[in-house]
Structures are given as structure tokens and as C-alpha cells.
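Now for the letters of each chain:
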Amino acid sequence: MTTAEQGRAAKRDALDYPFDGPPARGQTIEVAPGVYWFRMPLPYALDHINLWALDDGDGWAIVDTGARTDDAIHVWRELFANDTTGRRMTRVFVTHLHPDHAGLAGWLTRKFGIRLWMTRLEYLTCRVMTSDSGREAPPDAIEFFHRAGWSDAALETYRARFGNFGKHIHALPDSYRRLRDGETVKIGAHDWQVIVGSGHSPEHACLYCPALRVLISGDQVLPKISSNVSVLPIEPDADPMSEWLDSLAKVKRVVPDDVLVLPAHGECFRGLHARIDALAASQQRALDRLVGALATPKRAVDVFEALFSRPIGESATALLGMATGESLACLNHLLHQGRAERSIDADGVAWYRATDGATATAATAAT
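Note that the coordinates shown come from a computational prediction; the quantities given were computed from them, not determined experimentally. Per-chain numbering applies: the sequence of each chain, read as written, is numbered from 1 onward. Owing to the predicted nature of the model, reporting of local features is limited to residues with pLDDT of at least 70; listing and counting of side-chain atom pairs is limited to 80 or more, with chain, interface and lining totals taken over all residues. Note: side-chain values were computed over all heavy atoms of the structure, leaving out hydrogens and water.

Caption draft 1: Focus on the nonpolar core. Formed by 54 residues in total, the largest nonpolar core has its most connected members in Leu 272 and Leu 294. Among the secondary structure elements, those contributing two or more residues to this core are α6 (139-148), α7 (152-161), β10 (204-209), α8 (240-254), α9 (272-293), α10 (304-308), α11 (317-337) and β14 (350-354). Contact definition: two residues touch when any of their heavy atoms are within 4.5 Å. With residues up to four places along the chain from it excluded, the contact list for Leu 272 reads Leu 215, Val 221, Val 251, Val 255, Pro 256, Asp 257, Val 259 and Val 261. Within this scheme, the nonpolar core is defined by two criteria: the residues are buried Ala, Val, Leu, Ile, Met, Phe, Trp, Tyr or Cys, and they are joined through side-chain atoms within 4.5 Å. Each residue's exposure class comes from its accessible area (1.4 Å probe, protein chains only) as a fraction of the maximum for that residue type: buried when under 20%, exposed when over 50%, partly exposed otherwise. The next biggest cluster of nonpolar side chains, apart from the first, holds 32 residues, and it includes Phe 38, Ile 62, Ala 72 and Val 92. Helix numbering and strand numbering both begin at the N terminus, where a helix is a DSSP run of H or I of at least 4 residues and a strand a DSSP run of E of at least 2.

In C-alpha cells:
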């Protein structure tokens, strides 16, 4: 093992998992005074999401909700039945717009007559994206994926599946309470600070309680995997990778290292700063590999193996979309840094090449 590999292994080992495992289905674990961990099943390759119930005085504030599925609703009903306190649900906080986080927010807020708390861009973007259900795929989106190198067959599958984003999201309530970066929200006896980041989603909210030394990190910081950071057809020239890396640095700057991190996926852990350092370093290595791969011109669909260490087949439609979005996030990031350049061929397909000197710099960084 090289010195660099030993350093990366040490950072992985620096994480501490204080609990024996996740809660059983329909059950909760108290992870800090008045903070309870429970899980919802997901119908995806990532098959669970962690949710959090916070003591809110005369009831429970919920953070994130799970996707809109019959199985998740059944688990919610198990939790209601298992709660012998008789306390009501007071409000629903949603970290960001993705279906596993926001999917049942509308159901819960209507069922209990309570308010949704969410950042403005997450709420409004979710409303816009769910409105695509029933629409035909727009020409701009078809052009976006054609430019990335998708085949005609992949584009036809995309047309057939377009609008599926809203399938697992219950209609959001028609009003909400806006969460703002830096504000302090009183939940029960404790103050929670809102820390907003972007990159994975437009205006992702983490919740930090200094008194409890707890950070609800959502998808911003995960213990085992990295958040998907993608360019989407609605903003094809965006640089979400810069935003995500800046957001990681912000969390490290604002939140102490000794907190208990409550992530959306995986297990609760300690070692926040080591994990942030590892995520940022891993992404920089991926960008350097990408620069090396761009010694010869490539399309977005040609760089999957350089970034993800494996090819992505067209039959895995959802995975193909995520991989393309993340590849474009990395490619756009290199364009913004001046480390790559792009040209469009006669068929309207984009080709990327490392700029002079960028390949040599990446090779030096890899040694």
C-alpha cells in the first residue's frame, strides 16, 4: 500500500459508528435526547432512507418523509400504531426535493393539518418538476441527451419514461414555511441552525443543533457513498460540482468535528471533518482521472469508466441518466476551470478534450 493509499484508509477508519445497527422496520432508536432515528424502505437500488423525529414539546417534528409508495405508507402506519405517547405530529421538515425525501410530505401535512418547512428553491423546483408528469419530453431535453452522446434507442426510452419524477411524490401542499440559510429554528427545547448547500440539489438544508452536538446532514454528507451531483437539461451549462465542493467546505467551516452526523443513507457516525476531506479528495482524484481520459476527445457517455470505474449500459435507464448528469457536472467543472474545452460536431454531439498542460498537471497529481 502506498503512502497515499494508507492516508486514504486512515481517513475511512476515522469514522466512528456508535450504534450497533439501524432500527428495525416500524421501530425507532433514540440517538440523542429527544432525537429518534427510523427508516423507510425505498423501491430503488439504494433501498432505504433514514428519517428523524424531533421532540417538539407537545408533539413530533419530522425530518424527511420517504418516497410515495404503498410500502412506505404502511411503515408510517406501523409507526403511528407503535407510538404509545399519544403525541401529535407538529410539522414536517424536508431537506430537499428528491422523492425519497419529499415524497410523502404532502400526505403527512394534509393528514395531520400541519405545515411543511422547506427552502424556497427546493419547494418551487419540486413543484415545477412534478408538473412534468403527463407531458411529452421537451425538445431541449432530447437535444441535451443527444449532445451527450445518447443513442436513438436511449432517447426513445427517455421519451417513454419522461415525467416519472413525480410518480413517487404526493402533491406538495399549496403553501409552506420557508427555511433560510443561517436562521435558527426552535424545535422543542433546542435551537437548530439551518445550513444550506447546493450542488446535489438547488438549496439543500442541513439542520445543526449545537446543544445536542447533532447534525442532520441529509444527502450533503454521507458515510459510505458520495451524493450524485448532476447537470440537468433545464440548465445545461451549470457548474454544480463547484457548488457541491464549496458546500462541503462550508459545512466543515460551520459545524464542529465532534458532532454526531445523522445522514439520509447509511448509519449515524462521528468524524465529520475526515469524511468531508475524503469526499473532496475523492472528487478531485476523479476529476484528475477525467482529465487524463480527455487526452483524446470524448463524449460525455465515453467517460463513465474513468469516473465510475465501470461502464454504464443503456439498459439501465435511470442509472444512465444519473451517470450522464454527473459526467456532465465533472466536464462542465473542467470547462469552468479552463482544464478542458468543448466542440460540437456536425451531428450536434459535444466532444471534450483536455486543454494543453491540463493532462500533465493531472498526471503529476496522481503520482
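Having seen it, we continue.
Caption draft 2: Spatial organisation of empty space enclosed by the protein. With a 1 Å grid laid over protein atoms only, a set of points is called a cavity when a 1.4 Å probe fits there but cannot get out and a pocket when it is open yet has protein on both sides within 12 Å along at least five of seven lines; lining residues have an atom within 4 Å of a point. Grid points are joined across faces, edges and corners, and a volume is the space filled by probe spheres set on the points. Per the counting criterion, the structure on display carries one cavity of 30 Å³ or more. By volume, the largest cavity is sized at about 30 Å³. Lining the largest cavity we find Val 63, Phe 93, Val 94, Thr 95, Leu 179, Ala 205 and Leu 207. Grouping the constituent residues of the lining of the largest cavity by class yields six nonpolar, one polar and no charged. In this count, Pro and Cys sit with the nonpolar residues alongside Ala, Val, Leu, Ile, Met, Phe, Trp and Tyr, while Asp, Glu, Lys and Arg are called charged and the others, Gly among them, polar.

Caption draft 3: Examining the packing of aromatic side chains more closely. In this scheme Phe, Tyr and Trp rings, the latter by its six-membered ring, pair at centre separations within 6.5 Å, and the angle between planes marks the pair as stacked below 30 degrees, edge-to-face above 60, and tilted otherwise. In this structure the tally under the stated criterion is 16 aromatic pairs. The ring of Trp 60 carries the charged tip of Arg 87 above its face, separated from the ring centre by 4.4 Å. Of note, Arg 91 hangs over the ring of Trp 117, and the distance from its end group to the ring centre comes to 4.7 Å. By definition, being over a ring means that NZ of Lys or CZ of Arg is both within 6 Å of the ring centre and within 35 degrees of the ring normal.

Caption draft 4: Structural view of the pairing of β14. The alternating pattern of β14 places Ala 350, Tyr 352 and Ala 354 on a buried face and Trp 351 and Arg 353 on a face that is not buried. Should DSSP find at least two bridges between two strands, the strands are taken to pair. Sheet topology note: the strand β13 (residues 340-344)/β14 ladder contains five bridges and is antiparallel. By the bridge assignment, Ile 344 is partnered in β14 with Ala 350. Linking β13 to β14, which pair antiparallel, is a turn of five residues; within it Gly 348 sits at a positive phi near 85°.

Caption draft 5: Up close: α8. To estimate how far a helix should extend, the number of its residues minus one is multiplied by 1.5 Å. Along its 15 residues, α8 runs 21 Å from first to last C-alpha, staying within 8% of the 21 Å computed at 1.5 Å per residue. Taken together, the buried positions of α8 are occupied by Pro 240, Met 241, Trp 244, Leu 245, Ser 247, Leu 248, Lys 250 and Val 251. Where α8 is buried, its residues touch β9 (190-197), β11 (214-218), α9 and α11.

Caption draft 6: Quick peek at the environment of Asp 47. Along the chain, the position of Asp 47 falls in the loop between β2 (35-41) and β3 (48-55). The exposure class assigned to Asp 47 is partly exposed, which follows from its relative accessible area of 48%. Distance in space between the C-alpha atoms of Asp 47 and His 265 is 9.1 Å, their sequence separation being 218 residues. Here Asp 47 is in contact with Met 40, Pro 41 and Leu 42, once residues within four sequence places are set aside.

Caption draft 7: Examining the sheet that holds β9 more closely. With mixed pairing, the five strands of this open sheet are ordered in space as β8-β9-β10-β11-β12. Both outer strands of the open sheet, β8 (184-187) and β12 (260-263), are each paired with one neighbouring strand and no more. Pairwise comparison of adjacent strand axes, ignoring direction, gives a mean angle of 30° for this sheet. Note that β8 and β9 share four bridges and pair antiparallel. Looking at β9, one finds that Lys 186 is bridged to Asp 191. To obtain an axis, a line is fitted to C-alpha atoms, over the contacting stretch when the element is a helix, and the angle between two such axes runs from 0 to 180 degrees between their N-to-C directions.

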